[in-house]
Amino acid sequence: MITNFNDLFAELKAKGICKKMVAAWAVDEHTIEAASLATDMGFVKVTLVGDVDLIKKVCSDNNIDVNKFEIVDIKDELKAVAEAVRMVHDGDGDVLMKGLCSTDKFLRGILNKETGLLPPKGLLSHVGVISNPNYHKLMFLTDMAVIPAPDFRQKVKLAGFVTGVARSFGIEKPKIAFIAASEQMLDSMPACMEGAMLAKMCDRGQIKGCIGDGPLALDVAIDKESVEIKKLESPVAGDADCLLFPNIESANVFWKANSKLCNDVRQAGFLVGTKVPCVLASRADSVDVKLNSIASAVMSVK
């Protein structure tokens, strides 16, 4: 079972998984270092799209062999993003990665109606993966980066996305917690009412391939002692694989609280709902976060 990112790397190696990744405007140190490490570990073959002079300088400054990459030399940031997306759209890549380009330019390429990666009437979302030493396994969560206030129908799709990623990690039937401020059924809180409806849809197989419960407050979703104290009976509480948050604020705060207040936390994140996984790491994210994100995206390739 994959319980941390080292397990993930080992699983990719054991299965001999290697995918093609295209990195858009990949001219920065962290992107190139992460791509180099992923290449050395054997789970990607990488094409860097961007200014070849900048790429060669980063490689030289960091003792990276530039010849391990295919390079598409484009000097303009927006044109480099468009070309990277087009390559993936045309089947020349299994994973797309954001380099030093801004998020709005990256998304503009992905959402292009002719050469983009979002299917007609599709929903673009984001899944994060957290390895926290205080929890006994990986946590998969959504959506901390794209959809500000998902409506009920969108939450149904988000549940399918996040549990689908968890299944790609070898979790046969992921346990998903629909997070609210309380595990009580409070009609004054829409997240509580929707959490209960989503849980019932899981029970009836309308959200497939998972075990769901909600509403669940965060403490009972991930802490067995809290479950025991509150005498809550649930197939998910205290052992959730997936956390679906009611809005972007709550998910984003949880994501950043983990990264800033907990020691030895490791994270990954990528876009879902697209034709291929798209690594959307912040330009300020560490090499480790970007490497973990590449590995997670590769693992989820269909």
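So, a few notes on the structure that sits alongside this text. On a predicted model such as this, the values are computed, not experimentally measured, just so you know. (Residues numbered from 1 in each chain as written. Predicted model: local features only at pLDDT ≥ 70, side-chain atom pairs only at ≥ 80, totals over all residues. Heavy atoms only, no water.)

1. Quick look at helix α10 (residues 248-261)
This is how the line gets drawn: What counts as a helix is a DSSP run of H or I of at least four residues, what counts as a strand is a run of E of at least two, and both are numbered from the N terminus. In this scheme, a helix's expected span is set at 1.5 Å multiplied by one less than its residue total. Relative accessibility under 20% of the residue-type maximum defines a buried residue, over 50% an exposed one, and the middle range a partly exposed one, all with a 1.4 Å probe and only protein chains included. An arc is given here, and it is the one of the directions from the helix axis to the C-beta atoms.
When the terminal C-alpha atoms of α10 are compared, their 19 Å separation across 14 residues agrees well with the 20 Å that a helix rising 1.5 Å per residue should span. Among the residues of α10, Ile248, Ala251, Phe254, Trp255 and Asn258 are the ones counted as buried. All buried residues of α10 project into a common sector of 140° when viewed along the axis, lining one side. Exposed side of α10, more than 90 degrees from the buried face: Glu249, Val253, Lys260 and Leu261 are the residues found there.

2. With respect to helix α11 (residues 287-300)
Side chains that are three or four residues apart share a direction in an α-helix, a result of its 3.6 residues per turn. With 14 residues, α11 should reach 20 Å at 1.5 Å per residue; the first-to-last C-alpha distance of 20 Å fits that figure. The buried fraction of α11 amounts to 13 of the 14 residues, a majority that puts the element mostly inside the structure.

3. Some points on the layout of surface pockets
Using the following cut-off: Only protein atoms enter the 1 Å grid used here, on which a cavity is any set of points holding a 1.4 Å probe that cannot leave and a pocket is any open set flanked by protein within 12 Å on both sides along at least five of seven lines; residues with an atom within 4 Å of a point are listed as lining. Grid points are joined across faces, edges and corners, and a volume is the space filled by probe spheres set on the points. Charged means Asp, Glu, Lys or Arg here, nonpolar means Ala, Val, Leu, Ile, Met, Phe, Trp, Tyr, Cys or Pro, and polar covers whatever is left, Gly included.
As a volume, the largest pocket reaches approximately 560 Å³. Taken together, 23 residues make up the lining of the largest pocket; nearest its centre are Trp255, Lys256, Ser282, Asp285 and Val289. Sorting the residues of the lining of the largest pocket by element identifies α10, β10 (266-272) and α11 as the ones contributing at least two each. Considering only enclosed or pocket space, the second largest pocket measures out at about 310 Å³ in volume. What lines the second largest pocket is a set of 16 residues, among which Val272, Gly273, Thr274, Ser300 and Lys302 lie closest to the centre. At the level of secondary structure, the elements contributing two or more residues to the lining of the second largest pocket comprise α6 (152-168) and β10. If one sorts the elements of the lining of the second largest pocket by residue count, α6 sits on top with 5 residues. Here the residues of the lining of the second largest pocket sort into 8 nonpolar, 6 polar and 2 charged.

4. A word on the pattern of salt bridges
Spelled out, the test is: Here a salt bridge means any side-chain nitrogen of Lys or Arg lying within 4 Å of a carboxyl oxygen belonging to Asp or Glu.
A complete count under the given rule lists 19 salt bridges for this structure. Between Lys75 and Asp51 there is a salt bridge; the shortest N-O distance is 3.1 Å. Taken together, the residues Lys75 in the loop between β3 (70-73) and α4 (77-89) and Asp51 in the loop between β2 (44-50) and α3 (52-61) connect sequence positions 24 residues apart. Judged by relative accessible area, Asp51 falls into the buried class, the value being 13%. With a closest N to O distance of 2.8 Å, Lys175 and Asp239 form a salt bridge. Within this pair, whereas Lys175 is found in strand β7 (residues 175-179), its partner Asp239 is found in the loop between α9 (224-230) and β9 (242-244), the two being separated by 64 residues in sequence. Residue Asp239 is classed as buried on the basis of its relative accessible area, which comes to 17%. The structure contains a network of salt bridges with shared partners spanning Asp51, Asp53, Asp73 and Lys75.

5. Quick word on the pairing of strand β8 (residues 211-216)
Let me state the cut-off plainly: Two strands make a pair as long as DSSP finds a minimum of two bridges between them. Assignment of crossover handedness uses the view with strands pointing away from the viewer, where a clockwise path from the first strand over the helix to the second indicates a right-handed crossover.
Burial analysis of β8 places 5 of its 6 residues in the buried class, which makes it a mostly covered element. Strand direction decides the pairing type here: β7 and β8, joined by 4 bridges, are parallel. Across the sheet, residue Ile179 finds its bridge partner in β8, namely Leu216. At this point the chain moves from β7, through helix α7 (residues 190-203), to the parallel β8, and the crossover so formed is right-handed.

6. Describing the packing of α6 against α7
The axes of two packed helices give the description: the angle between them and the distance between them. So the rule is basically this: Only the contacting stretch of a helix is used when fitting its axis, a line to C-alpha atoms as for every element, and angles between N-to-C directions run 0 to 180 degrees. Roughly parallel means an angle under 35 degrees; roughly antiparallel, over 145; roughly perpendicular, 65 to 115; everything else is oblique. Note on convention: near helix rotated counterclockwise from far helix by under a right angle means a left-handed crossing. Clockwise means right-handed. Working rule for contacts: check all heavy atoms of both residues, and any pair within 4.5 Å makes them a contact.
Look at α6 against α7: their axes get within 11 Å of each other, and the N-to-C directions meet at 50°. Relative to α7, the element α6 is oriented oblique. Crossing geometry of α6 relative to α7 is assigned as right-handed. Contacts between α6 and α7 pair Phe152, Lys155 and Val156 from the former with Glu194, Met197, Leu198 and Met201 from the latter.

7. Notes on the environment of Leu218
Within the secondary structure, Leu218 sits in helix α8 (residues 218-222). What makes Leu218 partly exposed here is its relative accessible area of 27%. Once the C-alpha coordinates of Leu218 and Gly238 are considered, the two residues, 20 residues apart in sequence, prove to be 9.3 Å apart. Excluding anything up to four places from it in sequence, Leu218 contacts Ile179, Ala180, Leu243 and Phe254.

8. Quick look at the packing of aromatic side chains
For any two aromatic rings, the description comes down to two numbers: the centre-to-centre distance and the angle of the planes. Selection criterion: In summary, the pairing rule links any two rings of Phe, Tyr or Trp, Trp by its six-membered ring, whose centres are within 6.5 Å, and it sorts them by plane angle into stacked for under 30 degrees, edge-to-face for over 60 and tilted for everything else.
Scanning the entire structure with this criterion turns up 3 aromatic pairs. Considering the side-chain rings of Phe140 and Phe169, the 5.1 Å spacing of their centres and the 80° angle between planes classify their relative orientation as edge-to-face. Linking Phe140 in strand β6 (residues 139-142) with Phe169 in the loop between α6 and β7, this pair joins segments that are 29 residues apart in sequence. Comparing Phe140 with Phe169, the two get one shared label, buried.

9. As for unusual backbone geometry
Residue Asp143 is reached from Thr142 by a cis peptide bond, and omega for that bond is -5°. That bond from Gly214 to Pro215 is cis: its omega, 0°, falls within 30 degrees of zero. Assignment of secondary structure puts Pro215 in strand β8. One non-glycine residue, Trp25, lies in positive phi territory at about 50°. Within the secondary structure, Trp25 sits in the loop between β1 (19-24) and α2 (29-41). For Trp25, a relative accessible area of 9% gives the class buried. Its identity as a non-glycine residue notwithstanding, Asn63 has a phi of 55°, on the positive side. Structurally, Asn63 can be placed in the loop between α3 and β3.

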